[in-house]
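# Fold and geometry: a report
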Amino acid sequence: FAIIKYEEATSYKSGGGMTSKTVSTNYYIQTNDAMTGEKLQKKKVKHHRSVKNYPITILGNGNGRAWVFIGEPMAFDPFTLEMIADKKMIEEKNPMLKGIMPEQRTYYNYNNATNELMITTTDGNKYALSTATLLAKAIDEEEIAKSPLEVKIKELQKKEKAFNEEFK
């Protein structure tokens, strides 16, 4: 699975000893055979004009979905290239995020340990978006874990605390 930037020259202009060209840029996603590198599928996602924020990048993968940032967070099925989610779909499933999802890439991080898309909204709150259900939940900064080991340790600490409270 890859994001491809494709530029096509639309016109050339010569003058003053220089030649300039005008290009039309489109962003595609594509899949390639892992053994041969042969292109299997290709699908146009966006034209350059509709992308306002950069960088264009792959965020992560989990639950059978490839998460990318192409002007907005988006998810695709890496085998069919069908779009599974975009900003509009996420806001429809999570009304509390409507109008506060940021435009910049820096506010979206993929957590490989939990297969969640971490979102810092424009009001400064943090949400964990399940890549399986597209449902978001508000989280504390402490809940963000970096590795599966940290996730397990935090889970056990919560259970220990609950047990101690019950024992008292």
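Residues numbered from 1 in each chain as written. Predicted model: local features only at pLDDT ≥ 70, side-chain atom pairs only at ≥ 80, totals over all residues. Heavy atoms only, no water.

### Comments concerning the packing of aromatic side chains
For the record, the criterion: Two rings belonging to Phe, Tyr or Trp (six-membered ring only in the last case) form a pair when the distance between their centres is within 6.5 Å. Interplanar angles under 30 degrees mark stacking, angles over 60 mark edge-to-face geometry, and anything in between is tilted. Strands are runs of DSSP state E lasting at least two residues, helices are runs of H or I lasting at least four, and both sets are numbered from the N terminus onward. Summary of the burial criterion: residues with accessible area below 20% of their type's maximum are buried, those above 50% are exposed, and those between are partly exposed, where the area comes from a 1.4 Å probe applied to protein chains only. Charges are assigned to positions over rings by a cutoff of 6 Å between ring centre and Lys NZ or Arg CZ, combined with an angular limit of 35 degrees from the ring normal.
Tallied over the full model, the rule gives 3 aromatic pairs. Ring geometry for Y6 and Y28: centres 6.2 Å apart, planes at 85 degrees, overall edge-to-face. A residue pair is termed long-range when its members are at least 10 positions apart, and Y6 in strand 1 (residues 2-15) and Y28 in strand 2 (residues 18-32) qualify at 22 residues. When its relative accessible area of 16% is taken as the criterion, Y28 is described as buried. Aromatic side chains F163 and F167 sit 6.3 Å apart centroid to centroid with 15 degrees between the ring planes, which places their arrangement in the stacked category. Separated by 4 residues within a single helix, F163 and F167 lie in helix 2 (residues 148-167), roughly one turn from each other. Its end group placed over the ring of Y6, K42 keeps NZ or CZ at 5.3 Å from the ring centre. For the cation-ring pair, K42 lies above Y28, with the distance from its terminal atom to the ring centre recorded as 4.5 Å.

### A word on the pattern of salt bridges
How we decide: Salt bridge, as used here, is a side-chain nitrogen of Lys or Arg placed within 4 Å of a carboxyl oxygen of Asp or Glu.
Taken as a whole and judged by the stated rule, the model has 4 salt bridges. Salt-bridge contacts for E7 lead to K5; the nearest nitrogen and oxygen are separated by 3.6 Å. The class for E7 is partly exposed, based on a relative accessible area of 45%. A salt bridge links K159 to E155; the nearest nitrogen and oxygen atoms lie 3.8 Å apart. Here E155 and K159 lie together in helix 2, a separation of 4 residues that amounts to about one turn. Classification of K159 as exposed rests on a relative accessible area of 52%. The exposure class of E155 is partly exposed, given its relative accessible area of 34%.

### Overview of the nonpolar core
Rule in force here: Think of a nonpolar core as a cluster: buried Ala, Val, Leu, Ile, Met, Phe, Trp, Tyr and Cys residues, connected wherever their side-chain atoms sit within 4.5 Å.
In this structure, W67, L117 and L129 are the most contacted members of the largest nonpolar core, which totals 16 residues. Core analysis: the second largest hydrophobic core is formed by 10 residues, I3, V45, M74 and L81 among them.

### A short note on the sheet that holds strand 3 (residues 39-47)
Whenever strands of a sheet pair, they do so through backbone hydrogen bonds, lying parallel or antiparallel. For clarity, the cut-off: In this scheme, strands are said to pair when DSSP sees at least two bridges between them. Only the stretch in contact is used when a helix axis is fitted, and all axes are lines through C-alpha atoms; the angle between N-to-C directions ranges over 0 to 180 degrees.
A sheet is described by the order of its strands in space; here 3 strands give the open sequence 1-2-3, paired in antiparallel fashion. The sheet is open, and its two borders are formed by strand 1 and strand 3, each paired with just one other strand. Taken pair by pair, the neighbouring strands of this sheet meet at an average axis angle of 35 degrees, ignoring direction. Here strand 1 runs beside strand 2; their pairing, made up of 13 bridges, is antiparallel. Opposite S11, over in strand 2, you have T22 as the bridge partner.

### Considerations on unusual backbone geometry
Omega for the bond connecting Y54 with P55 falls within 30 degrees of zero, at 5 degrees, which places this linkage in the cis form. Along the chain, the position of P55 falls in the loop between strand 3 and strand 4 (57-62). Phi at N115 is positive, roughly 55 degrees, even though this residue is not glycine. With a relative accessible area of 24%, N115 lands in the partly exposed category. Although it is not a glycine, L134 adopts a positive phi angle of roughly 65 degrees. Within the secondary structure, L134 is located in the loop between strand 10 (126-130) and strand 11 (136-139). Given the relative accessible area of 7%, L134 is considered buried.

Just geometry here; none of it tells us what the structure is for.
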